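Structural features, examined
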Amino acid sequence: AIANPKAVFVSESIDRIPQTQDYYAKGKLTLAGVTKPVMLNFTLRFADDAVVVAQGYATLQRGDFDVGKGEWRKNDAVKQAVRVEFRVTAEKQS
């Protein structure tokens, strides 16, 4: 069983890159019981008047979050820098 099955990101600021649908959010990510500052890069796409899709990524350093124990701690099988991608769909409540 996984002791910390969730990752939680709390944004402190969200900024739009001018003249694009690209954004970045600065905040804190809690993963495996460790909280660190992280920046998410994402785009917003409006599927219709009620649905918006945020899709993006963050590059995390595994060691910062103590992910990878024992033989997995080394960089030979899994690199320290890991790209985590996400897709979130939000629907407007009536």
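Structural data are supplied above this passage.
Residues numbered from 1 in each chain as written. Predicted model: local features only at pLDDT ≥ 70, side-chain atom pairs only at ≥ 80, totals over all residues. Heavy atoms only, no water.

Helices and strands together make up the secondary structure of the protein chain, namely 0 helices and 5 strands. Secondary structure elements of the protein chain occur, N-terminal to C-terminal, as β-β-β-β-β. Taken as a whole, the protein chain presents about 7200 Å² of accessible surface, with 53% of it coming from carbon and sulfur. (Helix = DSSP H or I, 4+ residues; strand = E, 2+ residues; numbered from the N terminus. Areas by Shrake-Rupley, 256 points an atom, 1.4 Å probe, with all protein chains shown as cover.)

Oppositely charged side chains are able to pair whenever their charged atoms sit close together. Scanning all chains against the criterion turns up 2 salt bridges. Across the pair R83 and E85 runs a salt bridge whose closest N-O atoms are separated by 3.0 Å. Look at R83 and you get partly exposed, because its relative accessible area is 48%. Residue classification places E85 among the exposed positions, given a relative accessible area of 60%. (Salt bridge = Lys/Arg side-chain N within 4 Å of Asp/Glu carboxyl O. Buried < 20%, exposed > 50% of the residue type's maximum accessible area, 1.4 Å probe, protein only.)

This paragraph deals with the packing of aromatic side chains. Taken as a whole and assessed by the stated rule, the structure comprises 1 aromatic pair. With a centroid separation of 5.4 Å and an interplanar angle of 10°, the aromatic rings of Y23 and F42 are classed as stacked. Taken together, the positions of Y23 in strand β2 (residues 22-31) and F42 in strand β3 (residues 34-46) put the pair 19 residues apart, joining distant regions of the chain. Across the pair, exposure class does not vary: Y23 and F42 are buried alike. The ring of Y57 has R83 lying over it, and the distance from NZ or CZ to the ring centre is 3.8 Å. (Phe/Tyr/Trp six-rings, centres within 6.5 Å; stacked < 30°, edge-to-face > 60°. Lys NZ or Arg CZ within 6 Å of the ring centre and 35° of its normal.)

Before going further, it helps to spend a moment on the sheet that holds strand β4 (residues 51-61). Read from one edge to the other, the open sheet built from 5 strands follows the order β1-β2-β3-β4-β5, with strand pairing classed as antiparallel. Here the strands that pair on one side only, and so sit at the sheet edges, are β1 (7-16) and β5 (81-91). If you compare each strand with its neighbour and ignore which way they point, the axes differ by 25° on average. (Pairing = 2+ DSSP bridges. Axes fitted to C-alpha atoms, helices over the stretch in contact; angles between N-to-C directions.)

Another point: the nonpolar core. Counting 10 residues, the largest nonpolar core consists of Y23, A25, L29, V38, L40, F42, A54, A58, L60 and F65. Of all the elements in the fold, those that place two or more residues in this core are β2, β3 and β4. Those residues in contact with A25 that sit more than four places away from it in its chain are F9, S13, I14, V38, M39, L40 and F42. (Core = buried A, V, L, I, M, F, W, Y, C linked by side-chain atoms within 4.5 Å. Contact = heavy atoms within 4.5 Å.)

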